[in-house]
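Structural overview
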Amino acid sequence: MGLGDLITILLGNAIPLSKLIPTGYKNCQKLQSVNVSGLTGILGNAEKDYAGGFVGQQIGTIIENSNIQSSNYKVVAKTYAGGFSGLSRDAVIEGTLSGALDTSIQWSSFNPESLLLSCSINSNTLEVSGENSIGGFVGAMANTSAVNCTEKIDDEMTISNSGDNTGGFVGLATIGWAANLGKEDNKDNLLGAVVDLVTKLLSSDPNQAASLLSLGGINPSAIMGCQITAPMTVQSKGNYSGGLVGRGDGAYVTSSKEDYLKKVSFWRNKIYETSVIPTKETTINGLKQVTGKDYVGGVTGSLGTASVAGLLNTTVGIASYLSFTLDEVTVSGNDTGYQVVATGERAGGVFGEAIGGTINAVTANNLYKVEGNNLTGGFGGLSGPGDLAGTDNGLTVNLLGLNHVLKLSNLLSLGQAVEVKISDSKVLGVKNGYTVKSTGAREDGSVTDYIAGGFLARSNSTKISACSAQNLKDVTATDSGGYAGGFLGVSKTGGLADVADEDSIKSLVDINGLVNAVSYLIPKYTDCSVHYVEGGGVSADTAGGFVGDFQSGTINNKDRGEGDYYCVYNLDHVTGKSYAGGFGGNVYSGALASAGKGISILGGIKGLNINIGELLNLINAYIPYIEYAGVKSEKGFTVIADQIKSDNSNSGSAGGFIGYGSGVQVSHCDVNNLKHTKVTAPKDLEEQSGSTYFDTNQSAYAVTGARYAGGYNRLYGYRISSVYRKGIKCPWNSNRSE
């Protein structure tokens, strides 16, 4: 009689679940140094689940130093198909947590997770296909870690999926089986009682809480030091496609250095020593293309903060355990470069979408192109917490594939959990330059914005430092409602969610709460730059050499050092319709309007005291600040905004630095330099028409605006200091409004 039989008998004979307390867990005898050679043919079939080259399903076990070699094979399954394992997941601990605080149980000794350590596939060809959760190495991982595993395919590697979650290494990397993929079976296991106990443990013993979260399955999967070397194609008709990970919920995708290994229970609990594990970066070499519908990326389609029962409840506060980490990862294309193509939206050279986590030391190398209907970026499609507008006037974010609504009162404590920080990362295009294009366009009165960016398409409240887009050729979006920028398509401060009733507003302690919430939402860019190849530029309805549409936030490149205070290099042209600028097309304090209802009605609520000073601080938080971020082009560049729209009184604005600016502060930003152009004067200088000045065959201009044109900008209500355009010194060095 096994342990499972004993539990069944006990529960089936009126012994209450509350009396059944787990006291230990022992992993299955690990599989070590098992080799499979000469594997051929088709494994699995399209009507059944769980198929893998080594194992169909791995549950709570360790597989170490085991390999598939000298093989040519295909793996097929309906759901969960992988070159090595179909599904790798944790075991589910049966019992209760109700007495845990009063017992001497050492939760840290429980290790129900699965582990893949130093395993590999070395084959001539590999093909994996199915309908959902399909991966080159593992179909899906639930509370499982893969450390220093490799895929080396000599001739051709193809991962294809007719549904969602497709990845070169894993289709889906998520939290524990009972907490997500198998959540319908959690009535009699630890997860059913985890929330209340974790609430107590977080305040009494955080170390035990971490182990308990893992034990209940509330623990992310990890891909550390894993490497793919193959001429690889990842293709899907559904959502979430990535060169490494299709979708990750709170996942660790990192190197295998000691700091990260200690996040994994097998090292945290001293089952393995970190000193014996070689440190490796996570890499993809030889990528050809990644295709899919929505959420498509060279590394991952989507990485987000994992969500489980009670996560969005501010009384629990588990979120800090579950944000994603992407660190020391490189994706490199084959000789001709790799491409990322989405038939829908959210496509990027590294990720399609990122919500709630940190990205560091990530490189997209030899990128050829990124293309999609909307939200396409050289590095990422969409970054940040998403729009603060959605069902029930809350923040709608896609966590664990579900739409969760987060109200403003909850946002105050979870702001850090949904923000994204990107540092020391870059995009390196092919020699002739990479292209980014959003192909969608407005039709039949649509108001959809179509966005493309050389680094990020849309940055919502993202903090970016020491990042660059290099060898950029073109960024393109539609002439009707399109936004494009060499580094950012659109940058926004997440607007405060509308608060519909007085009780909700009173629940916010005071205006300080609003200011604190906004602090998480202000985008910030430090030492960020875009470098164009010769002839490179940007084209869209609203276009900018660095950013198309900049609504609040700060950019400061002072760290680049004196003489190099620029953010745009080697720009050739910016071609817009409504707005165009060497730095930004449209730069303004725009997000404050999104907070309008939440602010304007505060004064009408009885019993609510407002500190006017704090309210002013809140307003100031929405002002764009641009410092030490000039535009440099040795051969000069041109700017055009040639369309006036009847519903936009500022359309047709073009400037060497900013097309149109409102409520913006600019400091130490040079434009060096605009292109020298030929202007033909009329033979008769006394004639009134001056026809040759306006004949495009005879005269050309560095800056052309249908309504407004300026060597530096067209600004309303601005502050500028210490700015200089080569050949023309700015005539204003202090405050001025018009």
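Residues numbered from 1 in each chain as written. Predicted model: local features only at pLDDT ≥ 70, side-chain atom pairs only at ≥ 80, totals over all residues. Heavy atoms only, no water.

**Section: the overall build of the chain**
- Within the chain, the regular secondary structure consists of 11 helices and 59 strands.
- Each of the 738 residues in the chain was classed as buried or not, and the buried ones make up 57%.
- Partitioning the contacts of the chain with sequence separation of at least 6, the portion at a separation of at least 24 is 83%.
- With the model as given, the accessible surface of the chain reaches about 28100 Å², and the carbon-plus-sulfur share is 46%. (Helix = DSSP H or I, 4+ residues; strand = E, 2+ residues; numbered from the N terminus. Buried < 20%, exposed > 50% of the residue type's maximum accessible area, 1.4 Å probe, protein only. Contact = heavy atoms within 4.5 Å. Areas by Shrake-Rupley, 256 points an atom, 1.4 Å probe, with all protein chains shown as cover.)

**Description of the packing of aromatic side chains**
- Inspection of the entire model under this criterion finds 19 aromatic pairs.
- Ring centres of Phe546 and Phe583 lie 5.4 Å apart, and the angle between their planes is 5 degrees; this geometry places the pair in the stacked category. Of this pair, Phe546 sits in the loop between strand S41 (524-544) and strand S42 (547-551) while Phe583 is found in the loop between strand S45 (573-581) and strand S46 (584-588), placing the two residues 37 residues apart along the sequence.
- Residue Phe546 is classed as buried on the basis of its relative accessible area of 0%.
- Phe583 gets classed as buried once you look at its relative accessible area, which sits at 0%.
- Arranged with centres 4.9 Å apart and planes meeting at 15 degrees, the rings of Phe657 and Tyr712 form a pair that is stacked. (Phe/Tyr/Trp six-rings, centres within 6.5 Å; stacked < 30°, edge-to-face > 60°.)

**Examining unusual backbone geometry**
- Following Asn672, the chain continues into Asn673 via a peptide bond in cis, with omega recorded as 5 degrees.
- Structurally, Asn673 can be placed in strand S52 (residues 671-674).
- Unusually for a residue other than glycine, Asn471 sits at a positive phi of about 60 degrees.
- Structurally, the position occupied by Asn471 is in strand S38 (residues 463-476).
- The class for Asn471 is partly exposed, based on a relative accessible area of 32%.

**Describing the side chain of Ser88**
- Structurally, Ser88 can be placed in strand S8 (residues 85-89).
- Residue classification places Ser88 among the buried positions, given a relative accessible area of 0%.
- Within the structure, the side chain of Ser88 is placed 2.8 Å from the side chain of Gln58, a separation counted as a polar contact.
- If sequence neighbours within four positions are ignored, Ser88 has contacts with Gln58, Leu116, Val138, Ala140, Met141, Ala142 and Thr144. (Polar contact = N/O pair within 3.5 Å; in protein donor to acceptor, adjacent residues only side chain to side chain.)

**What about the pattern of salt bridges?**
- Under the criterion given, the structure shown has 18 salt bridges.
- Across the pair Arg247 and Asp249 runs a salt bridge whose closest N-O atoms are separated by 3.4 Å.
- Residue classification places Arg247 among the buried residues on the basis of a relative accessible area of 10%.
- A salt bridge links Arg346 to Glu345, with the nearest nitrogen and oxygen atoms 3.1 Å apart. (Salt bridge = Lys/Arg side-chain N within 4 Å of Asp/Glu carboxyl O.)

**What about a nonpolar patch on the surface?**
- On the surface, Val679, Leu685, Tyr693, Phe694 and Tyr701 cluster together into a nonpolar patch covering about 530 Å² of accessible area.
- Note on placement: Phe694 falls in helix H11 (residues 691-694).
- Judged by its relative accessible area of 67%, Phe694 falls in the exposed class. (Patch = residues over 30% accessible without salt bridge, like charges linked within 9 Å, V, L, I, M, F, W, Y side chains within 5 Å.)

**Thoughts on the nonpolar core**
- The biggest cluster of nonpolar side chains holds 112 residues, and the ones touching the most others in it are Phe169, Phe546, Phe583 and Ile626.
- For this core, the leading source of residues is S41, giving 7 residues.
- For Ile626, the residues in contact, after removing those within four places along its chain, are Phe550, Ile555, Phe583, Val587, Phe657, Ile658, Val664, Gln665, Val666, Ser667 and Cys669.
- Of all hydrophobic cores here, the second largest spans 14 residues; its members include Leu117, Tyr252, Trp267 and Ile277. (Core = buried A, V, L, I, M, F, W, Y, C linked by side-chain atoms within 4.5 Å.)

**Comments concerning the pairing of strand S13 (residues 150-161)**
- One ladder, built from 10 bridges, connects strand S10 (residues 120-135) with S13; its direction is parallel. Residue pairing in the sheet places Val128 in a bridge with Ile159 of S13.
- The pairing of S13 with strand S17 (residues 227-236) spans 8 bridges and is classified as parallel. By the bridge assignment for S17, Ile159 is matched with Val234. (Pairing = 2+ DSSP bridges.)

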